[in-house]
Amino acid sequence: MRFDRIWRHATLATLAPQRPGMGLIESAALAVANGRIAFAGPMSELPAAARAPEQIDLGGRLVTPGLIDCHTHIVFGGERSAEFELRLAGADYASIARAGGGILSTVRATRAAADETLLITATERLQALMDEGVTTVEIKSGYGLDVPTELRMLRVARFLGRRLPLGVVTTLLAAHTLPPDTDRAAYLSEITGELIPRASAERLADAVDGFCEHIAFTATEIRAVFQAARAHGLPVKLHADQLSDGGGAALAAEFDALSADHLEWTGEAGVAAMARAGTVAVLLPGAFHYLRERRIPPVAALRRAGVPLALATDCNPGTAPVLSLLTVMNLAAVQFGLSVEETVAGVTREAARALGRLSDIGTLEVGKRADLAIWNVDRPAELVYWLGRNPLQGRIWGGR
Ligand code: NIG
Ligand code: FE
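Predicted model, so just to flag it, every value in this text is computed and none were measured.

Within the chain, the secondary structure is distributed over 15 helices and 15 strands. Its C-alpha atoms give the chain a radius of gyration of 21 Å, within 12% of the compact-globule value 21 Å for 400 residues. If you line up the chain on its principal axes, its C-alpha atoms span 70 × 40 × 40 Å. Pairs at least 24 residues apart make up 72% of the contacts formed inside the chain by residues separated by at least 6 positions.

This part is about the coordination of the iron ion (ligand 2). Protein-derived coordination of the iron ion (ligand 2) comes from His 71 (NE2), His 73 (NE2), His 239 (NE2) and Asp 314 (OD), at a distance range of 2.1 to 2.3 Å. All donors to the iron ion (ligand 2) come from one chain, and their sequence spacing reads H-x1-H-x165-H-x74-D. In this pair, His 239 is assigned in strand S10 (residues 237-240) and Asp 314 in the loop between strand S13 (309-311) and helix H12 (325-336), connecting sequence segments 75 residues apart. Taken as a pair, His 239 and Asp 314 share a single burial class, namely buried.

In the vicinity of ligand 1, 15 residues are found, and the nearest of them are Arg 80, Tyr 93, Tyr 143, His 176 and Thr 319. Here an oxygen atom of ligand 1 and a side-chain polar atom of Asp 314 are 2.8 Å apart. Taking 330 Å² as the accessible area of ligand 1 by itself, protein coverage stands at 100%. Counted by class, the shell around ligand 1 contains four nonpolar, nine polar and two charged residues.

Before going further, it helps to examine the pattern of salt bridges. In this structure the tally under the stated criterion is 23 salt bridges. In this structure, Arg 184 and Glu 221 form a salt bridge, with 2.8 Å as the shortest nitrogen-oxygen distance. In this pair, Arg 184 sits in helix H6 (residues 184-201) while Glu 221 sits in helix H7 (residues 219-231), placing the two residues 37 residues apart along the sequence. Salt-bridge contacts for Glu 365 lead to Lys 368; the nearest nitrogen and oxygen are separated by 3.7 Å. Each member of the pair, Glu 365 as well as Lys 368, carries the same accessibility label: buried. Within the structure, one salt-bridge network assembled from shared partners comprises Glu 138, Lys 140, Asp 209 and Lys 237.

Attention shifts here to helix H4 (residues 115-130). Across its 16 residues, H4 extends 22 Å between first and last C-alpha, which sits within 8% of the 22 Å expected from 1.5 Å per residue. Contact partners of the buried residues in H4: strand S6 (67-69), helix H3 (103-112), strand S7 (134-140), helix H5 (147-163), H12 and strand S15 (392-396).

Once that is clear, we can look at the sheet that holds S6. Spatially, S6-S7-S8-S9-S10-S11-S12-S13 is the arrangement adopted by the eight strands of the open sheet, whose pairing is parallel. The open sheet has two edge strands with one neighbour each: S6 and S13. Looking at each pair of strands side by side, their axes are set apart by 25 degrees on average, direction ignored. Pairing of strand S11 (residues 259-262) with strand S12 (residues 280-283) involves three bridges; the strand directions are parallel. Counted as the bridge partner of Ala 260 is Ala 281 from S12. Most of the contacts of H6 go to strand S8 (residues 167-175), to which it runs at about 155 degrees, and overall it touches S8 and strand S9 (207-212).

Let us now look at the packing of H5 against H6. Where H5 meets H6, the axes come as close as 11 Å, and the angle between the chain directions of the two elements is 30 degrees. By the angle between their directions, the pair H5 and H6 is classed as roughly parallel. At the point where H5 passes H6, the crossing takes the right-handed sense. Between H5 and H6, the residues in contact are Val 147, Glu 150, Leu 151, Leu 154 and Arg 155 and Glu 190, Glu 194, Leu 195, Arg 198 and Ala 199, respectively. The residue makeup of the contact of H5 with H6, split by class, is five nonpolar, no polar and five charged.

Overall, the coordinates contain five aromatic pairs when judged by the stated rule. When the centroid spacing of 6.4 Å and the interplanar angle of 75 degrees are considered together, the rings of Phe 76 and Tyr 143 count as edge-to-face. One end of the pair, Phe 76, is in the loop between S6 and helix H1 (81-88); the other, Tyr 143, is in the loop between S7 and H5, and 67 residues separate them in sequence. Taken as a pair, Phe 76 and Tyr 143 share a single burial class, namely buried. Ring geometry for Tyr 385 and Trp 386: centres 5.1 Å apart, planes at 65 degrees, overall edge-to-face. Residue Tyr 385 is classed as exposed on the basis of its relative accessible area of 58%. We classify Trp 386 as partly exposed; its relative accessible area is 36%. For Arg 125, the ring lying beneath its charged end belongs to Phe 76, and the centroid distance is 3.6 Å. Over the aromatic face of Trp 397 sits the side chain of Arg 369, whose NZ or CZ is 4.5 Å from the ring centroid.

The rules behind the values
Residues numbered from 1 in each chain as written. Chains lettered and ligands numbered in written order. Predicted model: local features only at pLDDT ≥ 70, side-chain atom pairs only at ≥ 80, totals over all residues. Heavy atoms only, no water. Helix = DSSP H or I, 4+ residues; strand = E, 2+ residues; numbered from the N terminus. Rg over C-alpha atoms; globule rule 2.2 N^0.38 Å. Contact = heavy atoms within 4.5 Å. Donors = N, O, S within 2.8 Å, 3.2 Å for Na, K, Ca; no water. Buried < 20%, exposed > 50% of the residue type's maximum accessible area, 1.4 Å probe, protein only. Near = heavy atom within 4 Å. Polar contact = N/O pair within 3.5 Å; in protein donor to acceptor, adjacent residues only side chain to side chain. Areas by Shrake-Rupley, 256 points an atom, 1.4 Å probe, with all protein chains shown as cover. Nonpolar A, V, L, I, M, F, W, Y, C, P; charged D, E, K, R; others polar. Salt bridge = Lys/Arg side-chain N within 4 Å of Asp/Glu carboxyl O. Expected span 1.5 Å × (residues − 1). Pairing = 2+ DSSP bridges. Axes fitted to C-alpha atoms, helices over the stretch in contact; angles between N-to-C directions. Parallel < 35°, antiparallel > 145°, perpendicular 65-115°, else oblique. Left-handed = near helix turned anticlockwise from the far one by under 90°. Phe/Tyr/Trp six-rings, centres within 6.5 Å; stacked < 30°, edge-to-face > 60°. Lys NZ or Arg CZ within 6 Å of the ring centre and 35° of its normal.

Here's what the structure looks like:
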């Protein structure tokens, strides 16, 4: 029995759904062949005839699935530290946005940025995530807000996926906010009549997202965007109920969304609708932290209803200049009350589910891509416990 590589004496957090908790296996082995997991289980069950040109003894170290950041806006021009200073001095996010700052200031910087600049800056940010064991990342457009720049952002994201040892999943977020000096109806028909069809035909987007909020788009407008996405075979997701309860979670569920994200203001009806639709709740404690929100997402209700919980950085220049998924795990535990098991599942199995990629990534199971994070810790809780310690010892993407 020949494999390409075998790791022995590992503690595996498999996250396999048929095992309880994190699916921990001590004194475990993991073998890969052709970039896929070919064995993951107790060393005692590894066939005696197992051979590989490369065999590594992990001395009991923890191995998890490679981490997945399932919600980012990591491709953008400029930065917004000046706006951060204004907020520190008392200005609030929504009024900065209404005054033409916020998302629109990043739109100006992104439109003006050369492709090369977008690539270099995004690469640097992605490297920080990868240095903490991230092997798949979702990247949204949404700072172009016109046909050429939205498509350009998606092309940059696709190019990053080809250039870096990293899985990249792309999302069209043209419905992020209304572009300056533009008629609402005209922009919406540009999204539904041109951007979605082109993003789909040119295979630039894997999903369509929107921002349903009083400073962005109404539920009726998002519904039109989602109908176009559906007509072009693209799954949807939504920035829902972040600043107010606009019925975003229920709207997402109505379209069988992969995920509804943020959810600070989601009520019981939204939670129930998500449970029925199998929509994943993506919690974004980085944005919660930066906006000094007080109201936490309805975690207990989501749990009771059996809604899967995922976590992400939401990396963006406004509400979440966050380049550490480990920090997000800590914030989710301390601020939102998630357990260690929920935070680890939230950046692996449930993040994969939120991207519609659970059959390929997110757990350590035979047949899945061999995307692994090897940690210099004995207990999974240590990944959540520290702030500012990066215990990553090795990162394996597609078996290497
Ligand atoms: O996820 N909520 C809307 N979009 C981003 C913020 C984008 C920005 O401020 O640039 C978010 O928080
Ligand atoms: Fe976001």
